[in-house]
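Working through the structure, step by step
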Amino acid sequence: MTAGVGAGSGSDAVSGGGSRPDAGSRPDAGSGGGSGSDAGSGGGTRHPVLPVGDPVPDWQARPWPSGATLRGRTAVLEPLHARHVEDLTAAWAGTDDAHWTYLPMERPDGRAAVGDVVAAMVEDPGTVAYAVIVSGRACGVLSLMRIDPDHGVVEVGAVVFGTPLVRTIASTEAHRLVLGHVFDDLGYRRVEWKCDALNAPSRAAALRLGYTFEGVFRQAVVTKGRNRDTAWFSVVDVEWPRVRARLDAWLDPANVDAAGRQRRPLGEMPRTLAEPRP
């Protein structure tokens, strides 16, 4: 989850109501009266120019994700809908309480409770929720959330996979599909993954998929009456070709043996795997 930033006095603080920690006016911008750190102080004295970020030529806000259906070899992502409740009730029934420990919602017990969870995801105007379909049945959900088209940033979150998806090729392909959609179809610059810093399986999954660990926001939120420190991970657009090539090599049917198992684990594939030439 994204931690709010107050109107502190630190050099990166945002004094407005921006929703992103790095949003708002630049701290190195002049304030109009010559008081910025780059500004001349009069009398002809020159001050050194401070370093700034690389230019982003011709940048324009990116499209809001439309919820397009994403098709892979073992998994399909389609917009979450009430028709998926029956399948998800069955898929989530095999999960235990520990599966829900780090999620913001409690484990739904029965079809009505699953329906409430699905309805809340579908009705959230800031989220694009997907059902993960395997062999024609919804086996889990994931969402694009905290969508920021102006800056080309989005988070993949609310990942709730049922027992038919856990540790499967389809679960990895589901993430490959949504990453490809965000970077290749929509042209976003950054995809985020955030989880409870104590959630070791989620942290391991992020690294396995190719995300880079960025750090921990301490005391980021209170959830279920408990403190949550949030671990942040990301993939950025310049990294995506290498991440994509690595995932595609793992998902390649040539990497699957006669028993349906991957010949080479994803964790053993180098994170620097070069993008194949066209």
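Right above here is the structure, for reference.
The present account deals with the structure reproduced in this document. (Residues numbered from 1 in each chain as written. Predicted model: local features only at pLDDT ≥ 70, side-chain atom pairs only at ≥ 80, totals over all residues. Heavy atoms only, no water.)

**Describing the overall build of the protein chain**
Secondary structure assignment for the protein chain yields five helices and eight strands. Residue pairs at least 24 apart in sequence account for 59% of intrachain contacts in the protein chain once pairs closer than 6 positions are excluded. With an accessible surface of roughly 15,200 Å², the protein chain has 52% of that area assigned to carbon and sulfur atoms. (Helix = DSSP H or I, 4+ residues; strand = E, 2+ residues; numbered from the N terminus. Contact = heavy atoms within 4.5 Å. Areas by Shrake-Rupley, 256 points an atom, 1.4 Å probe, with all protein chains shown as cover.)

**A short note on the pairing of strand β8 (residues 226-236)**
With seven bridges connecting them, strand β6 (residues 190-196) and β8 associate as antiparallel partners. Bridge assignment links W193 to a residue of β8, and that residue is F233. Examined bridge by bridge, strand β7 (residues 212-223) and β8 share eight bridges and lie antiparallel to one another. Pairing of G215 across the sheet is with W232, part of β8. What sits between the antiparallel neighbours β7 and β8 is a turn of two residues, in which K224 has the positive phi angle 55°. (Pairing = 2+ DSSP bridges.)

**A closer look at helix α3 (residues 169-185)**
Relative to the 24 Å expected for 17 residues at 1.5 Å per residue, α3 spans 23 Å between its end C-alpha atoms, a close match to the ideal helical length. In terms of burial, α3 is largely enclosed, as 15 of its 17 residues are buried. (Expected span 1.5 Å × (residues − 1). Buried < 20%, exposed > 50% of the residue type's maximum accessible area, 1.4 Å probe, protein only.)

**Considering the sheet that holds β8**
Sheet architecture is open: eight strands sit in the order β1-β2-β3-β4-β5-β6-β8-β7, paired in mixed fashion. Both outer strands of the open sheet, β1 (70-71) and β7, are each paired with one neighbouring strand and no more. With seven bridges joining them, strand β3 (residues 128-134) and strand β4 (residues 137-148) adopt antiparallel strand pairing. Its bridge partner lying in β4, Y130 is registered against L142. Sitting on the sheet, α3 is in contact with β1, β2 (76-79), β3, β4, β5 (153-161), β6 and β8, with an inclination near 160° to β5. (Axes fitted to C-alpha atoms, helices over the stretch in contact; angles between N-to-C directions.)

**What about the nonpolar core?**
Ranked by internal contacts, the top residues of the largest apolar core, which has 42 residues, are L77, V132, L142, L144, V191 and Y211. Secondary structure elements with two or more residues in this core: β3, β4, β5, α3, β6, α4 (200-209), β8 and α5 (240-251). Sort the elements by how many residues they give to this core and α3 lands first, with eight residues. Among all residues touching V191, those that are not within four sequence positions of it are V154, V156, L179, V182, F183, Y211, F233, S234 and V235. With 19 residues, the next largest nonpolar core counts L88, A91, V114 and V117 among its residues. (Core = buried A, V, L, I, M, F, W, Y, C linked by side-chain atoms within 4.5 Å.)

**Things to note about the packing of aromatic side chains**
Considering all chains together, one arrives at five aromatic pairs under this definition. A centroid spacing of 5.3 Å and a plane angle of 20° characterise the contact between F183 and W240, whose relative ring orientation is stacked. Of this pair, F183 sits in helix α3 while W240 is found in helix α5, placing the two residues 57 residues apart along the sequence. For W240, a relative accessible area of 3% translates into the label buried. The cationic tip of R189 hangs over the ring face of W59; the distance from NZ or CZ to the ring centre is 5.8 Å. Positioned above the aromatic ring of W232 is the side chain of K194, whose terminal nitrogen or guanidinium carbon lies 4.4 Å from the ring centre. (Phe/Tyr/Trp six-rings, centres within 6.5 Å; stacked < 30°, edge-to-face > 60°. Lys NZ or Arg CZ within 6 Å of the ring centre and 35° of its normal.)

**Let's talk about the pattern of salt bridges**
Inspection of the entire model under this criterion finds twelve salt bridges. Where R83 meets E78, a salt bridge forms, and the shortest distance between an N and an O atom there is 3.5 Å. The salt bridge involving E86 is made with R111; its shortest N-O contact spans 2.7 Å. Placement of the pair is E86 in helix α1 (residues 85-93) and R111 in helix α2 (residues 111-123), with a sequence separation of 25 residues. Taken together, the shared-partner salt bridges connect R146, E155, R190, E192, K194 and E214 into one network. (Salt bridge = Lys/Arg side-chain N within 4 Å of Asp/Glu carboxyl O.)

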